[in-house]
Amino acid sequence: MTRTPIELLLSEAPAARPTVSLSEGSDPRVVAGALAARKAGIADVILVGAADAVAAELHAQGSAAGHGISIHDPATSPLTTEFSTAYHDLRRHKGVDEATARKAVETPLVYAAMLVRQGHATGTVGGAVATTSDVVRTAIQVIGPAPGAAMVSSFFLMYPPERATPNARAMLYSDSGLVIDPDADELAAIAAASATSCRALLRQEPKIAMLSFSTKGSARHDKVTKVTNALAKLKLDHPELQADGELQFDAAFVPSVGTSKAPGSDVAGQANVMIFPNLDAGNIGYKITQRLGGYTAIGPILQGLAKPANDLSRGCTASDVTQMIAVTVLQAMANPT
Ligand SMILES: CC(C)(COP(=O)(O)OP(=O)(O)OC[C@H]1O[C@@H](n2cnc3c(N)ncnc32)[C@H](O)[C@@H]1OP(=O)(O)O)[C@@H](O)C(=O)NCCC(=O)NCCS
Ligand SMILES: CC(=O)OP(=O)(O)O
């Protein structure tokens, strides 16, 4: 049975307790998720937002600041001036002036990301209220891509329900949140990054399926060629990876279908990393698996950033928030800076 991020973290407690900033500090789900993370000893948390509103929500949930829970109000925080200067330096080349930098840093999303950039937090989580576009754009602009990363992309961890169907297993779905229409090279980069994320967060060797509406030439179309070109590029850059394509989802997931549609494949029927050809397929696919299949979906988790910053679906629960705090800490442990 694959362990969830919280279970993994509880079995591998980091040496020093990490701190995670939460940009929607007064949202009831975020506060409940943060309190659960704190109680489990997973991380200290900084709740970013209007101080009155954050304190009121903590009070409503029978808690208060202190003992690993801090409140930072960007409008009054002593760090805001330092952050404004740093943000101005960072974005000056894009035409951002001092006044615009100050205004940006006073938004909780940018402030929470600046906490990470400036070393006050290990990582950040947002998106219970903000859209993925806003969360991701802020992460890319403030925290930035990791040195050497081809691009920033995202994935979901998908965990089967307890009463699961045969063949059910934990998987990564990529990219289900960020890159809208990747070309073949970008698709190969998403697959390579997802393989690393699979090892870090599922603790499994990746078996990568490059998904399509076609299996091994059953259809001919430019969209199929994009996927086979992506597989060729992936194999060229990473001959060590087990990857196959193009595969339909049933051929990737169900062993008997994999054997009949893609005989001889070492991935078909066993894939644990599903690479979708574009964001339409990836985002719709994860929501169907979650809402009809009963899988737990944790994400979008971002990969390729210099430090961890993660998004949530606006439909998230408090438990999703706690899991995402755990993911953020695990990413920091896998790539200490
Ligand atoms: C990520 C996203 C927000 C970027 O879109 P955007 O802001 O319109 O795009 P821009 O081209 O203006 O990019 C903004 C910045 O991010 C950078 N960027 C965009 N995509 C990137 C990627 N995949 N990797 C690295 N950098 C990227 C750009 O270079 C730019 O940097 P700059 O401001 O320093 O010049 C966009 O791809 C998006 O909206 N994705 C879908 C999100 C979504 O709605 N998902 C569904 C729900 S989960
Ligand atoms: C990941 C995702 O689809 O986010 P939202 O549900 O917030 O649009």
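What counts, and at which threshold
Residues numbered from 1 in each chain as written. Chains lettered and ligands numbered in written order. Predicted model: local features only at pLDDT ≥ 70, side-chain atom pairs only at ≥ 80, totals over all residues. Heavy atoms only, no water. Helix = DSSP H or I, 4+ residues; strand = E, 2+ residues; numbered from the N terminus. Rg over C-alpha atoms; globule rule 2.2 N^0.38 Å. Buried < 20%, exposed > 50% of the residue type's maximum accessible area, 1.4 Å probe, protein only. Contact = heavy atoms within 4.5 Å. Areas by Shrake-Rupley, 256 points an atom, 1.4 Å probe, with all protein chains shown as cover. Lys, Arg positive; Asp, Glu negative; His and termini not counted. Charge placed at Lys NZ, Arg CZ, Asp CG, Glu CD. Near = heavy atom within 4 Å. Polar contact = N/O pair within 3.5 Å; in protein donor to acceptor, adjacent residues only side chain to side chain. 1 Å grid on protein atoms, 1.4 Å probe; cavity = no way out; pocket = protein on both sides within 12 Å on 5 of 7 lines; lining within 4 Å. Points joined across faces, edges and corners; volume = space filled by probe spheres on them.

Engineer: Is there a simple way to explain the overall build of the protein chain in this structure?
Structural biologist: Of regular secondary structure, the protein chain possesses 13 helices and 11 strands. In summary, the protein chain has a C-alpha radius of gyration of 20 Å against a globular reference of 20 Å for 337 residues, a match within 12%. Overall size of the protein chain, expressed as C-alpha extent along the three principal axes, is 65 × 45 × 35 Å. Relative to its full complement of 337 residues, the protein chain shows a buried share of 53%. Residue pairs in contact within the protein chain that sit at least 24 positions apart in sequence constitute 72% of those at least 6 positions apart. Carbon together with sulfur atoms contributes 54% to the accessible area of the protein chain, which is approximately 14,700 Å² in total. Positive and negative side-chain charges of the protein chain, numbering 28 and 31 respectively, have mean locations separated by a distance of 3 Å.

Engineer: Is there a simple way to think about unusual backbone geometry in this case?
Structural biologist: Glycine aside, a negative phi is what most residues show, and trans is what most peptide bonds show. That bond from Ser174 to Asp175 is cis: its omega, -25°, falls within 30 degrees of zero. For Asp175, the location among the structural elements is in the loop between strand 6 (171-174) and helix 8 (184-202). Here Gly299 and Pro300 are connected by a cis peptide whose omega angle stands at -5°. Here Pro300 is to be found in strand 10 (residues 296-303). Within the chain, His67 stands out as a residue other than glycine whose phi angle is a positive 50°. Following the sequence through the fold, His67 ends up in the loop between helix 3 (51-60) and strand 3 (69-72). Unusually for a residue other than glycine, Asn167 sits at a positive phi of about 75°. Structurally, Asn167 is set in the loop between strand 5 (153-159) and strand 6. Classification of Asn167 as partly exposed rests on a relative accessible area of 34%.

Engineer: Is there a simple way to explain the site of ligand 1 in this structure?
Structural biologist: Taken together, 17 residues are adjacent to ligand 1, and Lys94, Ser133, Arg137, Gln141 and Gly177 come closest. Between Arg91 and ligand 1, the recorded distance is 2.9 Å, taken from a side-chain N or O atom to an oxygen atom. Contact distances for ligand 1 include 2.9 Å between a nitrogen atom and a backbone N or O atom of Leu178. When contributions to the shell around ligand 1 are tallied by element, the ones reaching two or more residues are helix 7 (132-143) and helix 12 (279-291). Counting residues per element, the shell around ligand 1 draws most heavily on helix 7, which supplies 6 residues.

Engineer: Would you explain empty space enclosed by the protein in this entry?
Structural biologist: In this approach the atoms are scanned with a rolling probe the size of a water molecule, which exposes any empty space left behind. Applying the stated rule across the entire model yields 1 cavity of 30 Å³ or more. Taken as a whole, the largest cavity spans an internal volume of roughly 80 Å³. Around the largest cavity, the lining residues are Ser23, Leu109, Ala112, Ala113, Thr124, Val125, Gly126, Val135, Thr138, Ala139, Ala309 and Asn310. When contributions to the lining of the largest cavity are tallied by element, the ones reaching two or more residues are helix 6 (108-117), strand 4 (123-126), helix 7 and strand 11 (309-311).

Engineer: Would you mind going over the site of ligand 2 with me for this structure?
Structural biologist: Taken together, Thr132, Phe156, Asn283, Tyr286, Lys287, Pro300, Ser313 and Arg314 make up the full set of residues near ligand 2. Here an oxygen atom of ligand 2 sits 2.7 Å away from a polar atom, N or O, in the side chain of Arg314. Calculation on ligand 2 without its partners gives an accessible area of 260 Å², and the protein chains cover 85% of this total. With 3 residues, the top contributor of residues to the shell around ligand 2 is helix 12.

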